[in-house]
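Coordinates in review
Chain by chain, the residues run as shown.
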Amino acid sequence: MSSLKAYIIFAPGTNCERETRYALEQTGFVADIVPLKDAINNFKKIHDYHLFVIPGGFSFGDDIKAGKVLALYLKNFFFEELKKFYEDGKLILGICNGFQVLVRAGILPFFDGKQWASLELNSGGAFEDRWVFLKKERKTPFTEFMNDISPIPIAHAEGRFTAGRETLEKIERENLVVFKYCDEKGNIKNEYPVNPNGSLNGIAGICDKNGQVLGLMPHPERAFEEHHFPESVSIRNTGKSFFKGVFEYIKQRF
Amino acid sequence: MNRIFRIEIVPFNARRRDIEESIIELGIQKKIEVYETKIYWIKGDYQPDDIKKVAEEILCEDVTEDYRVNQRYEVGGNDFEITYHFGVRDPVEDSVKESIKLFGLKEPEAVKTGRRYFIKGELTEQEVDYIARKTMYNPVIEKKGKTAEIIFTEPQPYKFELIEIPVNSFSDEDLVRYSQEKGLALNLEEMKAIKRYFSEKKRNPTDCEIETIAQTWSEHCVHKTFKGKYYYGDEYIDNLLQTYIAKVSEEVKKDFCLILFKDNAGIIEFDEKDGIAIKVETHNHPSAIEPYGGSATGIGGVIRDILGAGRGAEPVMNTDVFCVGPLDIPHSELPEGVLHPKRILKGVVAGVRDYGNRMGIPTCAGGVFIDSGYLANPLVYCGTVGIIPRKYIQKNLKPGYKIVLIGGRTGKDGIHGVTFASLELEEKSEEVSIGAVQIGDPITEKKVLDVIISARDENLIEFVTDCGGGGLSSAIGESAEITNGARVYLDKVPLKYEGLSYTEIWISESQERMILGVKEENINRLKEICDTYACEISVIGEYTDSGKLEIFYKGNKVCDIDIDFLHRGRPDVIRKVSRMEYPEEDINVPEPKSPEEILLKLLSSYNIRSRERIIRQYDHEVQGKSVIKPLIGYLKLSPQDAVVIRPKFNSEKKLAISKGICPSYSYISPYWMAANAIDEAVRSLVSCGVNPEKIALLDNFCFANPENEEVMAEIIEACKACYEIARVFKTPFISGKDSLYNEFKTENLRIKIPATLLITGVGIIEEHVNPVTACFKEEGNPLYLIGETRKELGASEYFILLGIEKGFVPKVHADKFLKIYNTLYEAIKRELVVASHDVSQGGLAVAISEMTFARNKGARIGIKSQLRWDEFLFSESAGRILVEVKKGKQREFERLFEDLPFLFLGNVTSEPSLRIDFNNKLIIKLNIEDMYREFSKPII
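Here we summarise the structure given alongside this text. (Residues numbered from 1 in each chain as written. Chains lettered and ligands numbered in written order. Predicted model: local features only at pLDDT ≥ 70, side-chain atom pairs only at ≥ 80, totals over all residues. Heavy atoms only, no water.)

A few points about the overall build of chain B
Definition in use: Here a helix means four or more residues in a row that DSSP labels H or I, a strand means two or more in a row labelled E, and each is numbered from the N terminus. As defined in this context, the radius of gyration uses C-alpha atoms, and a globule is described by 2.2 Å times the residue total to the power 0.38. Categorising residues by exposure relies on relative accessible area from a 1.4 Å probe, with only protein chains included: less than 20% of the type maximum marks a residue as buried, more than 50% marks it as exposed, and the intermediate range marks it as partly exposed. Note on contacts: a residue pair qualifies if any of its non-hydrogen atoms lie within 4.5 Å across the two residues. What sets the accessible areas is the Shrake-Rupley method with a 1.4 Å probe; for residues, cover comes only from the shown protein chains. Charged-residue counts in this description rest on Lys and Arg as positive and Asp and Glu as negative, His and the chain ends being excluded. Lysine's charge is taken at NZ, arginine's at CZ, aspartate's at CG and glutamate's at CD.
Across its full length, chain B holds 29 helices and 40 strands. A compact globule built from 940 residues should have a C-alpha radius of gyration of about 30 Å, and chain B, at 29 Å, falls within 12% of that. Its C-alpha atoms put chain B at 90 × 70 × 60 Å along the principal axes. Of all 940 residues assigned to chain B, the portion counted as buried reaches 65%. Residue pairs at least 24 apart in sequence account for 83% of intrachain contacts in chain B once pairs closer than 6 positions are excluded. Here chain B displays about 33,600 Å² of accessible surface, and carbon together with sulfur accounts for 46% of that area. Taking the average location of the 125 positive side-chain charges in chain B and that of its 149 negative ones, the two points are 2 Å from each other.

And the structure:
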C-alpha cells in the first residue's frame, strides 16, 4: 500500500469529500476525511500527510460570504502549521469552496494571512453547474500531466474572481494564474458561457509563487471517470491527469 | 454593558439590475434604479475597536465592499429595511456569533441580519410598496420598515397552565365550530368519536390531546380519503390504496422489492449488499404562499424521509417536479392573494437549489408542467433516492429504547402545517397561515445526515424517523404504535426561544429534526458523534409497552391517550360516488398551412422548451456519480428522458430514475391521464437501457377537494388505471403519497387543479448494459419509430396550441407495449441501438428535433401514412420510442422486431438540418440552429 497521504478537511456543510477521496485513492493516495472538530483538537497530525485538501461544498452554509467562516477557522487554528507543512515542500489544494477558503484565509495568492482577492457572485446572479474548458497557463505539480485544454465542470454561485487592479497585475506578472476559462479550441474569451461567471481575465485557478498551493473553482474530481464527461466531448482524462500530477510530484520527493 | 451596533455593508457595486428587471416584468414602465446593502445588528458588550475589527475582519471584505457602523449609508431615493419576522430562523446569526467568538471576543447576546433597499425613480408610496412586496421580500416571513427598530424584542417566558377543552358538554355545532376555529380539519364524525372516547374516560381532553388526535387523523398523515369505503356506481370499494395500488405489488410478486408501503420510503434491491430507498413528497400549500421556503422545506423533508428509511439511508439524488400556472399571464388577471406563476416557479426552483445544493445531493431528475388549473395551487413534488446496506433496512424498535431528538431546535414555526395542508386555500391564506410556513436550514440538516450515517455504520440506531408534518406528535405518535406506548418529557426539548407552550412544543413543525430510537448503552457514543459533527442531541423520553401515549411537561401530565384509540379509533370515510362518464369524440381540424411554423411554435411552447435555466441552477453533478445527466451535450443540449447515476463508486451497476406526468389528459379522461403517466415513466426507463423486469413505481396523487363528487370520481378512475396498467407491465408500486384539497376558493371564483398523478419510475441498469442517451450519434445511422401512431391528439400540445379541448387521448395498450419494451431491451443489450428517445409531448416531430441538438447531427425523414401529416407528426400516441440503430445492424434489428409495429423513418445526417417528407412531399426543412433558437428560449 502507498504511504502517500492526503488530509481532507471536513467542515459542517462540506459536501464533496467522498468523491474527492475516491479520486485520490484511485490515484494511489491514502486519503482521510477529518472532521473540523478533530482537526482543531490535534492539527499537528497534518505533518504525517503530504497533501492538504479543502474540498467543495458550502462550509458553514457560506454564511456571510462563501467559505468565510471556515477561512476564519483556518486562520485561527491552522495557519502556522500549514505554513510549516508548506515549507516542507508539501502541497495544498482547494477546490471550489476550498478555493474560496484559501483566498479568504489569505493563503492564496501570497500566503501572508491577508485577503487580496475575492470570489464574488457569478455575473449571471445565481448558482450554475456547467462544463467549461480550461487553458493551462503555467506549470505546477498539479498540471504536470494535464492537456493544454481540458474539459471540466464548474458548480458554484460565487466564483467570479475579482481583485484590485494592482493585485491583479501582480498576480499576472508573477505568473500565479494556473487556469483560465477558454473555449473548446483554447481561445480565452470574456463572454458567457466561455467565461461562465465573469471572472477578471477569465481566471479559474491560481497558485502561490512556488506552485505548491492551488485553488480552482472547477471540479477535477467530477471529471475523473469516463462517464462523467458530456456526450460530445472527446478528451476524457482531465481529473485523472490532474491527480496523477499531484501524486507523482509527491512520490518523487517523499 | 450590552449595546446594539448596526453595521451596514455596502458593496462597491450595490446596483441590483436583476431586481430592476423583475420590476419591468411587473409592467411598471418607469425609469427605476435599485440598490441594496446588507445590515448586521450585533447586541453585546463591545468597545468601538472591537466592532471595527468585527466589521473589517468578518463582515466586510475590503476588496469589494465598504462598511458603516451606526451610521446610515445614503444613495438617495426611497429606502427601507427588510428583516425577518420574529421566530423565523436565520442561520446566518449563528455563523456570525461563531465567527466573533473565533476572534477571541465575547459571544454576542444576539445577532440579527437584514437588507436595505433604495429605489430611485418617480414612484408613489403605493407603487414602492407594491414593488417591494412583489420583488424584494415576502411578507409571510419578512417585514419592511423605514428602520428596523423592534428587532430585539424577546417573547414572554411561558407560564404553565393546563388547558382542558370541555368537549363533553359540546353540542354537534360546538364540535364543528371548535374544529374550524382551531384549524383542526376534523369533521363532525371524527369530533364525535373524540367526545365519545373522553366521555367514557369521564374527563375532558387537554388541548394537547385534541391536537395529537387531529394531527394523527389528518388527511396528510393518515390518508383517510384513500383508505375510505366507497359505493362507486354499482361497485363497492373498501380502501383505494389496498384495492388498486398495493394489490399490484402483491400480484406481481417481484422479489427485488424489499420494503413496500411501510416505513418512510420504499426500498428495492440494488445488489446483494445494498438497497435503494426512494420517496417522493409534495409541499404544495406552503409553496403557494411562500414558494422559496415551501420548496426548500419540501426537499428538506423528503431528504429526511430517506435518512429515516430503515435504520438510515444515505441520499444520492433528488428529484423535483413543479406544476404552475401560465408563465405569461398578465399581473392584472391574477386573483387576489395569488402569486404570479413566474414568481412561484423562480421561488420554488431557488428553494430546491439552495437546499439541495447545500446538502450536497445532486438534483438531477424532474420536470415542469404548465396549466392554467395550477394558477392558485402550484404543485411542488420533491423526491429523494438513497442507498442503504441491506442489513439496516429493517427497523428494530423495542420498549425501553430511548427517544432521542437530534438536529435543529424547536420554535413556533410550522404550527398546524398538516392540518393546513388538509384544507382549501383561500384569499386570506396568505395572512392566516403564517405559522404554517417554515424556513429551511440545510446546514443543520447536513449535520444530521453526517451523524445518522456515522451512527448507523456503528450500529447505534435501532429506529429512526423524521420529524415532518405534525412534528413530534406525528413522529412519536406513529412510532409509539410499534412498541404500544411512549413517554415523552417536553421540557427536555431544546427550544429556539422562550415562550412555547407544551402543546406548541409537541406540534411544532420546526425543520431539520429527527427522532431516533436508541438503546441506553449506546447513548454516550451517539453523543460523541453528535459532538464531532456539531449537531445538537437530547434524550426526550422512552418507548414503552404501556398501551398509552403519555406526555409530561415539568412534572405535569399533559396527555394520556390510548394508542389503540389514537391509531384505530378514527371513524371510516364511507361515501357514495356516482360513476362519471368521460366521452371522447373525433375532432377534425382544418389542415394548417405551415408545418414548419407549427413545429417551431411547439418547440418553444412552455411545456416543451428547454429546462436548461432551471437544471443549471442545481448542482446535478455533486457526489461524482452522474452517468446520464438531465441535459446531454455541451453547448447545445438535448433533453434526456431518464437520468442515470452510478450510486456506488466501486460498482458498474447503475440506477435510472424517470417521471411520468400527463395532467392535460385528465381534462378528457382521468383514467387515461393516469395510464399515460405510468407508460411514460416505464418507457423512459426502458429507452435508456433498464430491464423492464426490474422497474418499480411510486405514485403521487394531487387532486382537488375530494368532498366534491366529481373529484372523488377522478381519484377512483386514476386508481383503477394504476391497477389495470401497472399489473400488466408487472411494475410494482413501492411507495406513494397523496395531496388533496388543491383548490382555491373565493366568493365568486373556484379554481381546481387538473387531476394529477406523478409516477416516478426507478430501475436498475445491469453491469453489462451500456445506457443509451437521447441524441443522434452518427451520420448514416438508420432511424426507426417503434410502436403505433394513431389519431390521438386530444389534449396534445398541438391541440392546446390550436386551442382545442376535445379529441381522443392516447390509450395505453399495456400488453402490446410490454412486448415492445422487452424487445427494445434486448436490442439495447445487443448494442444495436445507439440512441433512443420516448415520444411524448409534441409527438414525433418534436422528439426528432430534440435528438438533433446535442451533437448537431441532422436527420432526413420520409414517412408514408394514411393519417394526415399533422396527425402523424403531432399525435401523442403512447408506447412509442424513436431509436437510432447502428449502421450494418438494421437486419438484426428488424428481425428482432419482426412481429411488432415499427417503421423505418430515414437516416441521421451530418448536415445540421431536419428534413421531413410526408407521403413524398417535402413539408419540413429546418436548420438545427433555428429549431434550437426556439427550443432554448428561457423558461424562467
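Moving on from the model shown.
Examining the overall build of chain A
Across its full length, chain A holds six helices and 11 strands. Relative to the globule expectation of 18 Å for 254 residues, the C-alpha radius of gyration of chain A, 17 Å, shows essentially globular dimensions. When its C-alpha atoms are laid out on the principal axes, chain A stretches across 45 × 40 × 35 Å. Counting all 254 residues of chain A, 67% fall into the buried class. A separation threshold of at least 6 residues defines the contact pool for chain A, and within that pool the share at least 24 residues apart is 76%. Summed over its atoms, the accessible surface of chain A is roughly 8,500 Å², and 45% of this surface lies on carbon and sulfur atoms.

Here's the deal with the packing of aromatic side chains
For any pair of aromatic rings, the description consists of the separation of the ring centres together with the inter-plane angle of the planes. Residues and elements named next belong to chain A. The criterion, for reference: Aromatic rings from Phe, Tyr and Trp, with only the six-membered ring used for Trp, were paired whenever their centres fell within 6.5 Å, and each pair was classed as stacked if the ring planes differed by under 30 degrees, edge-to-face if by over 60, and tilted otherwise. Geometrically, a lysine NZ or arginine CZ counts as sitting over a ring once it is within 6 Å of the ring centre and also within 35 degrees of the ring normal.
Counted under the stated rule, the structure contains 55 aromatic pairs over all chains. Their ring planes at 25° and their centres at 6.4 Å tell us that F58 and F127 sit as a pair that is stacked. Residue F58 is located in the loop between strand 3 (51–54) and helix 3 (68–87), and its partner F127 is located in the loop between strand 5 (117–121) and strand 6 (128–136); the two are separated by 69 residues in the primary sequence. Overall, the relative accessible area of 6% leaves F127 in the buried class. The structure contains a cluster of three or more aromatic residues connected by ring pairs, namely Y7, F43, Y49, F52, F60, Y73, F77 and F78. The ring of Y249 carries the charged tip of R253 above its face, separated from the ring centre by 3.7 Å.

Points about the environment of N70 of chain B
All names here are of chain B. By secondary structure assignment, the location of N70 is in the loop between strand 3 (65–69) and strand 4 (78–84). For the pair N70 and I7, spaced 63 residues apart in sequence, the C-alpha to C-alpha distance is 6.2 Å. Beyond its immediate sequence surroundings of up to four residues, N70 is in contact with I4, F5 and R6.

Quick notes on the interface of chain B and chain A
Convention followed: Accessible-area loss on putting two parts together, using a 1.4 Å probe and summing over both, is the definition of buried area adopted here. We define a salt bridge as a side-chain nitrogen of Lys or Arg found within 4 Å of a carboxyl oxygen belonging to Asp or Glu. Two N or O atoms form a polar contact when they lie within 3.5 Å of each other; inside protein one atom must be a possible hydrogen donor and the other a possible acceptor, and for residues adjacent in sequence the pair counts only when both atoms belong to side chains. Only Asp, Glu, Lys and Arg are considered charged in this grouping, and only Ala, Val, Leu, Ile, Met, Phe, Trp, Tyr, Cys and Pro are considered nonpolar; every other residue, Gly among them, is considered polar.
The interface of chain B with chain A comprises 57 residues on the first partner and 57 residues on the second. Roughly 4,600 Å² is buried in total at the junction of chain B and chain A, and carbon and sulfur atoms are behind 53% of that figure. Together, E61, L102 and Y634 of chain B form the three largest contributors to the area buried by chain B at its contact with chain A, with a combined 17%. Summed over the shared surface of chain B and chain A, the result is 11 salt bridges. Here chain B and chain A share 28 residue pairs in polar contact (both at pLDDT 80 or more) between them. The set of elements that each furnish at least two residues to the side of chain B that touches chain A consists of strand 2 (33–44), helix 2 (48–59), helix 3 (91–102), helix 12 (341–359), helix 15 (442–457), helix 18 (523–532) and strand 24 (626–628) of chain B. Top element by residues in the side of chain B that touches chain A is helix 3 of chain B. It accounts for seven residues. Across the side of chain B that touches chain A, the residue classes break down as 22 nonpolar, 13 polar and 22 charged.

Some words on the sheet that holds strand 10 (residues 266–269) of chain B
Sheets are built from strands paired through backbone hydrogen bonds, the pairs being either parallel or antiparallel. Residues and elements named next belong to chain B. We count it as follows: Think of it this way: DSSP has to see at least two bridges between two strands before they count as a pair. The angle between two axes is taken between their N-to-C directions and runs from 0 to 180 degrees, where each axis is a line fitted to C-alpha atoms and a helix contributes only its stretch in contact.
Overall, mixed pairing links the six strands, which are arranged 9-10-11-14-12-13 in an open sheet. Strand pairing shows two members of the sheet lacking a second neighbour, strand 9 (257–259) and strand 13 (363–370), which therefore form its edges. Across this sheet, the average inter-strand angle for adjacent strands is 20°, counted without regard to direction. Here strand 12 (residues 314–324) runs beside strand 14 (residues 379–389); their pairing, made up of nine bridges, is antiparallel. Each residue of the ladder has a partner; that of M317, found in strand 14, is V385.

A few points about the packing of helix 1 (residues 17–27) of chain A against helix 6 (residues 238–253) of chain A
All names here are of chain A. Threshold: Orientation is classified from the angle alone, with under 35 degrees giving roughly parallel, over 145 giving roughly antiparallel, 65 to 115 giving roughly perpendicular, and any other angle giving oblique. The hand of a helix crossing depends on one turn: near helix anticlockwise from the far one by less than a right angle means left-handed, and clockwise means right-handed.
Their axes nearest at 9 Å, the elements helix 1 and helix 6 cross at an angle of 60°. Between helix 1 and helix 6, the angle is such that the two are oblique. Judged by the twist between their axes, the crossing of helix 1 over helix 6 is right-handed. Of helix 6, the residues touching helix 1 (which contributes A23, L24 and T27) are F243, K244 and F247. Partitioning the contact of helix 1 with helix 6 into residue classes produces four nonpolar, one polar and one charged.

Topic: the sheet that holds strand 28 (residues 654–660) of chain B
All names here are of chain B. Pairing is mixed across the open sheet formed by six strands, whose spatial order is 24-27-28-33-29-30. The open sheet is flanked by strand 24 and strand 30 (733–739), the only strands paired with a single partner. Neighbouring strand axes in the sheet, compared pairwise and without regard to direction, differ in orientation by 20° on average. Two strands pair when backbone bridges link them, and strand 27 (residues 643–645) and strand 28 are joined in this way by three bridges, in the antiparallel orientation. Note that in strand 28 the partner of I645 across the bridge is L655. Across the sheet, helix 23 (residues 709–729) lies against strand 29 (695–702), strand 30 and strand 33 (756–765), angled at about 170° from strand 29, the strand it touches most.

Let's talk about unusual backbone geometry
With an omega dihedral of 0°, the bond running from L108 of chain A to P109 of chain A counts as a cis peptide bond. You can see P109 of chain A is positioned in the loop between helix 4 (97–104) and strand 5. The omega torsion across Y192 of chain A and P193 of chain A is 0°, close enough to zero to call that bond cis. Tracing the backbone through its elements, the reader meets P193 of chain A in the loop between strand 9 (177–182) and strand 10 (203–207). One non-glycine residue, N201 of chain A, lies in the positive phi region at around 55°. Position of N201 of chain A relative to the elements: it lies in the loop between strand 9 and strand 10. Phi at D263 of chain B is positive, roughly 65°, even though this residue is not glycine.

What to know about the side chain of R6 of chain B
Residue and element names in this part refer to chain B. With respect to the helices, strands and loops of the structure, R6 is situated in strand 1 (residues 3–11). A relative accessible area of 9% means that R6 is categorised as buried. There is a polar contact of 2.7 Å between the side chain of R6 and the side chain of E81. If we ignore the near neighbours within four places in the chain, the residues touching R6 are I39, Y40, W41, R68, V69, N70, Q71, R72, E81 and R116.

A word on the pattern of salt bridges
Residues and elements named next belong to chain B. Counting across every chain of the model gives 105 salt bridges over all chains. Across the salt bridge formed by E542 and R487, the nearest N and O atoms sit 3.2 Å from each other. Residue E542 is located in strand 20 (residues 537–543), and its partner R487 is located in strand 18 (residues 486–489); the two are separated by 55 residues in the primary sequence. E542 sits in the buried class, given a relative accessible area of 15%. Given the relative accessible area of 27%, R487 is considered partly exposed. The residue K791 makes a salt bridge to E871 at a minimum N-O spacing of 3.8 Å.

Quick notes on the pairing of strand 8 (residues 158–163) of chain A
Every other side chain in a regular strand lies on the same face of the sheet, so the side chains alternate between the two faces. Residue and element names in this part refer to chain A. Across the six residues that make up strand 8, a large majority, five, are buried. Across five bridges, strand 5 lies against strand 8 in antiparallel orientation. Residue pairing for strand 8: L119 is matched across the bridge by F161.

Quick look at the nonpolar core
Here is the rule we go by: Definition used in this section: a nonpolar core is a set of buried Ala, Val, Leu, Ile, Met, Phe, Trp, Tyr and Cys residues joined via side-chain atoms within 4.5 Å.
Judged by nonpolar contacts, the single largest core of 107 residues is most densely connected at L51, F52, L82, L93, F161 and F242 of chain A together with L59 of chain B. Per-element tally for this core: the top contributor is helix 3 of chain A, with 11 residues. Apart from the residues lying within four places of it in its own chain, the contact partners of F161 of chain A are F99, A117, S118, L119, L168, I171, S199, L200, I203 and I206 of chain A. One finds V252, I668, A721 and A854 of chain B within the second-largest nonpolar core, a separate group that totals 86 residues.

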